[in-house]
Amino acid sequence: MPVTTIDRHGQPVVTGDRVKILAISPDSEMDDDDLDMFNDMIGSTCEVERIDADGAAWVAIWWNGFEGPLLTSVGLTPGQMEKAAA
């Protein structure tokens, strides 16, 4: 049975679903550049890559950095995401 979680409306979310990022919980130790990248993720729609044992849906975004592509991954709680229309 696949691992599932829910979005802020209680809709089921599984790996492969697309969700809109509504909020994030950045680490308080994060530097300003990393914080900017995470904050820029808000409003993006991403595919759920995995769901962990705590029910966080992990998504990733690729960025064009000064030294090449960068990958930013974040785990979203149900209140931080909204399932996108299929």
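Above: the structure in question.
Bear in mind that the values here come from a model prediction, so they are computed numbers and not experimental data.

Trainee: How do you make sense of the environment of Trp-58 when you look at a structure like this?
Mentor: Structurally, Trp-58 is set in strand S6 (residues 57-65). Sequence separation of Trp-58 and Asp-7 is 51 residues, and the distance between their C-alpha atoms is 13 Å. Ignoring sequence-local partners within four residues, the contact set of Trp-58 consists of Glu-47, Val-48, Glu-49, Arg-50, Asp-52, Ser-73, Val-74 and Gly-75. Polar side-chain contacts of Trp-58 include one of 2.9 Å to the side chain of Asp-52.

Trainee: Just to check I follow, could you spell out the layout of surface pockets for this structure?
Mentor: Take a probe with the size of a water molecule and roll it over the atoms, and the empty space left behind shows itself. Estimates place the volume of the largest pocket at around 240 Å³. Within the residue set of the lining of the largest pocket, elements represented by two or more residues are helix H1 (32-41), S6 and strand S7 (68-76). Across the lining of the largest pocket, the residue classes break down as 4 nonpolar, 3 polar and 3 charged.

Trainee: Would you take a moment to explain the side chain of Thr-72 for this structure?
Mentor: Positionally, Thr-72 belongs in strand S7. Discounting residues that sit within four places of it in the chain, Thr-72 has contacts with Met-37, Phe-38, Met-41, Val-59, Ala-60, Ile-61 and Trp-63.

Trainee: Looking at this structure, how should I read the pairing of strand S3 (residues 18-21)?
Mentor: Walk down a regular strand and you will see the side chains alternate between the two sheet faces. Covered by surrounding structure in S3 are Val-19 and Ile-21 only, the residues Arg-18 and Lys-20 on the alternate face being uncovered. As judged from the 3 bridges shared by S3 and strand S4 (residues 45-47), these two strands associate in the antiparallel manner. Each residue of the ladder has a partner; that of Arg-18, found in S4, is Glu-47. Bridging between S3 and strand S8 (residues 81-83) involves 3 bridges; their strand directions are antiparallel. Counterpart to Lys-20 in the pairing with S8 is Glu-82.

Trainee: I keep staring at the nonpolar core and nothing clicks. Help me out?
Mentor: What tends to happen in soluble globular proteins is that the nonpolar side chains get buried as a cluster. The biggest cluster of nonpolar side chains holds 15 residues, and the ones touching the most others in it are Val-19, Ile-21, Met-41, Val-48, Val-59, Val-74 and Leu-76. Those elements that place two or more of their residues in this core are S3, H1, S6 and S7. For this core, the leading source of residues is S6, giving 3 residues. Not counting residues up to four positions away in its chain, the partners in contact with Leu-76 are Val-19, Ile-21, Ala-23, Ile-24, Gly-55, Ala-56, Ala-57, Val-59 and Met-81.

Trainee: What is the right way to read the sheet that holds strand S5 (residues 50-51) from this model?
Mentor: What links the strands of a sheet is backbone hydrogen bonding, and the strands pair in either a parallel or an antiparallel sense. An order of S5-S6-S7 is seen for the 3 strands of this open sheet, with the pairing classed as antiparallel. Looking at strand neighbours, the two that pair on one side only are S5 and S7, the edges of this open sheet. With 9 bridges joining them, S6 and S7 adopt antiparallel strand pairing. Paired with Ala-60 across the bridge in S7 is Ser-73. Along the sheet, H1 makes contact with S6 and S7, crossing S7 at roughly 65 degrees.

Procedures and definitions
Position numbers for residues start from 1 in each chain and track the written sequence from start to end. Predicted model: local features are reported for residues with pLDDT of at least 70 only, side-chain atom pairs are reported and counted for 80 or more only, and whole-chain, interface and lining totals are derived from all residues. Side-chain metrics in this entry use all non-hydrogen atoms of the structure; hydrogen atoms and water are not considered. Comment: elements are numbered from the N terminus, with helices defined as DSSP H or I runs of at least four residues and strands as E runs of at least two. In this description, contact between two residues means that some pair of their heavy atoms is separated by no more than 4.5 Å. Polar contacts here mean pairs of N or O atoms no more than 3.5 Å apart (in protein, one a potential hydrogen donor and the other a potential acceptor; neighbouring residues in sequence count only if both atoms are side-chain atoms). A 1.4 Å probe that fits into a set of points on a 1 Å grid over the protein atoms alone but cannot get out defines a cavity; an open set with protein on both sides within 12 Å along at least five of seven lines defines a pocket, and lining residues are those with an atom within 4 Å of a point. Grid points are joined across faces, edges and corners, and a volume is the space filled by probe spheres set on the points. For this classification, the nonpolar set comprises Ala, Val, Leu, Ile, Met, Phe, Trp, Tyr, Cys and Pro, the charged set comprises Asp, Glu, Lys and Arg, and every other residue, Gly included, is treated as polar. Categorising residues by exposure relies on relative accessible area from a 1.4 Å probe, with only protein chains included: less than 20% of the type maximum marks a residue as buried, more than 50% marks it as exposed, and the intermediate range marks it as partly exposed. The pairing criterion is simple: DSSP has to find at least two bridges between the two strands. Side-chain atoms within 4.5 Å are what join buried Ala, Val, Leu, Ile, Met, Phe, Trp, Tyr and Cys residues into a set we call a nonpolar core. Helix axes are fitted only over the stretch in contact, all axes being lines through C-alpha atoms; the angle between N-to-C directions runs from 0 to 180 degrees.

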